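Survey of secondary and tertiary structure
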Amino acid sequence: MSTEEGTNNLPSGWKRGISRTLNRPYYYHPDSKHTQWHYPTPAEAADPIGTKTKMRKERQQHTTKRFKTTAASSSSSSSLPSVAIIVPYRDLHASQNRAKHLSKFIPYMKQYLSNLVTNHQLQDYHIYIIEQSNDQRKFNRGKLLNIGFDYALKRSTKHPPKHT
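Residues numbered from 1 in each chain as written. Predicted model: local features only at pLDDT ≥ 70, side-chain atom pairs only at ≥ 80, totals over all residues. Heavy atoms only, no water.

**Considering the overall build of the protein chain**
In terms of regular secondary structure, the protein chain is built from four helices and five strands. From first element to last, N terminus to C terminus, the protein chain shows the α and β order β-β-β-α-α-β-α-β-α. Counting all 164 residues of the protein chain, 23% fall into the buried class. If you take every contact in the protein chain between residues at least 6 apart in sequence, the share linking residues at least 24 apart comes to 43%. (Helix = DSSP H or I, 4+ residues; strand = E, 2+ residues; numbered from the N terminus. Buried < 20%, exposed > 50% of the residue type's maximum accessible area, 1.4 Å probe, protein only. Contact = heavy atoms within 4.5 Å.)

**Description of the sheet that holds strand S3 (residues 34–36)**
Spatially, the three strands line up as an open sheet ordered S1-S2-S3, and their pairing is antiparallel. Two strands lie at the open edges of the sheet, namely strand S1 (15–18) and S3, each paired on one side alone. Mean inter-strand twist for the sheet, computed between neighbouring axes without regard to direction, equals 30 degrees. Pairing of strand S2 (residues 25–29) with S3 involves three bridges; the strand directions are antiparallel. Each residue of the ladder has a partner; that of Tyr 27, found in S3, is Gln 36. (Pairing = 2+ DSSP bridges. Axes fitted to C-alpha atoms, helices over the stretch in contact; angles between N-to-C directions.)

**Quick look at the packing of aromatic side chains**
Under the criterion given, the structure shown has five aromatic pairs. Note on Tyr 26 and Tyr 28: the rings are 5.7 Å apart at their centroids and 35 degrees apart in plane angle, and the pair reads as tilted. When its relative accessible area of 25% is taken as the criterion, Tyr 26 is described as partly exposed. Ring geometry for Tyr 128 against Tyr 151: centres 5.6 Å apart, planes inclined by 85 degrees, an arrangement best described as edge-to-face. On the criterion of sequence distance, the pair formed by Tyr 128 in strand S5 (residues 124–131) and Tyr 151 in helix H4 (residues 141–155) is long-range, its members being 23 residues apart. An aromatic cluster is present here, built from Tyr 26, Tyr 28 and Trp 37 joined pairwise through their rings. (Phe/Tyr/Trp six-rings, centres within 6.5 Å; stacked < 30°, edge-to-face > 60°.)

**Some thoughts on H4**
Taking 1.5 Å as the rise per residue, H4 with 15 residues should run 21 Å; its terminal C-alpha atoms sit 21 Å apart, in good agreement. Listed as buried for H4 are Leu 144, Gly 148 and Ala 152. The buried residues of H4 all sit within an arc of 70 degrees when viewed along its axis, so they share a single face. Facing away from the buried surface of H4 by more than 90 degrees, the exposed residues are Asn 146 and Lys 154. Looking at the buried positions of H4, the neighbouring elements they touch are strand S4 (82–89) and S5. (Expected span 1.5 Å × (residues − 1). Arc of directions from axis to C-beta.)

**A closer look at the confidence of the model for the protein chain**
Residues with a pLDDT of 70 or more make up 80% of the protein chain, whose mean pLDDT is 79. At the level of individual helices and strands, the protein chain shows its lowest average pLDDT in helix H2 (residues 48–72), which scores 69, and its highest in S1, which scores 92. pLDDT under 50 marks residues 73–77. Its contacts with residues more than four places away, or in other chains, come to six contacts. (pLDDT = per-residue confidence, 0-100.)

**What to know about the nonpolar core**
Counting residues in each nonpolar core, the largest one holds eight residues, listed as Ile 85, Val 87, Tyr 89, Leu 102, Met 109, Leu 113, Leu 116 and Leu 122. At the level of secondary structure, the elements contributing two or more residues to this core comprise S4 and helix H3 (98–118). At four residues, the largest contribution of residues to this core is made by H3. When sequence neighbours within four positions are dropped, the list of residues in contact with Leu 122 reads Leu 80, Pro 81, Ser 82, Val 83, Leu 113, Leu 116 and Val 117. (Core = buried A, V, L, I, M, F, W, Y, C linked by side-chain atoms within 4.5 Å.)

**A short note on the pairing of S5**
Note on strand geometry: in a regular strand, side chains alternate between the two faces of the sheet. Across eight bridges, S4 lies against S5 in parallel orientation. Of the residues in S5, the one forming a bridge with Ser 82 is Asp 124. Handedness of the β-α-β unit built from S4, H3 and S5 comes out right-handed. (Right-handed = clockwise from strand over helix to strand, strands pointing away.)

Written out as C-alpha cells, the structure is:
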C-alpha cells in the first residue's frame with residue numbers, strides 16, 4: 001500500500017475496511033452505501049453516488065448482454081437457454097454438515113430456476129449431484145465436474161449443455 005492510500009489519507013467520507021473472508025482491504029462510502037475493492041479514484045471520491053449508479057448500470061448491461069448472447073447461441077428452436085447445474089459432492093465429516101447444506105441448496109435452486117422458467121427467462125433446467133465415494137482419496141472436484149458434464153450431455157440430446 002502506498003502512502004497516498006493510507007487509512008488517514010482517504011478522500012472525505014470514505015472509509016477502509018478489511019474483508020473477513022478474503023482478508024483484503026476494501027473501501028466504502030457510508031452515505032452512498034457504495035463499496036469497492038480498489039482505492040477511490042478522484043472521480044469516485046468526488047461523486048460516490050454517481051459512481052455507484054454507473055457501476056450498477058454497467059453490471060446490468062453486462063448481465064443483459066451475456067444473457068442475450070447465451071440465448072442467441074442456443075441451438076434449439078426456442079431462443080431461451082437451458083441450464084444444467086453440476087454439484088460436486090462428498091459428505092465425509094459430520095462437522096462439515098454437507099447433507100444439511102444440500103438439503104437447503106436444492107429446494108432454493110428449484111424454486112429460483114422454476115421462477116425463471118415461469119417468467120420465460122429459461123427454457124428448462126437440471127440439477128446433477130455428483131457424489132464421490134469414500135475411496136480414501138482427496139476430493140476431486142474437477143473429475144466430478146467432468147463426470148457431471150458427460151452425464152448431462154448423455155441425458156440431454158434436445159438441449160446439449162454448453163460450458164460458459
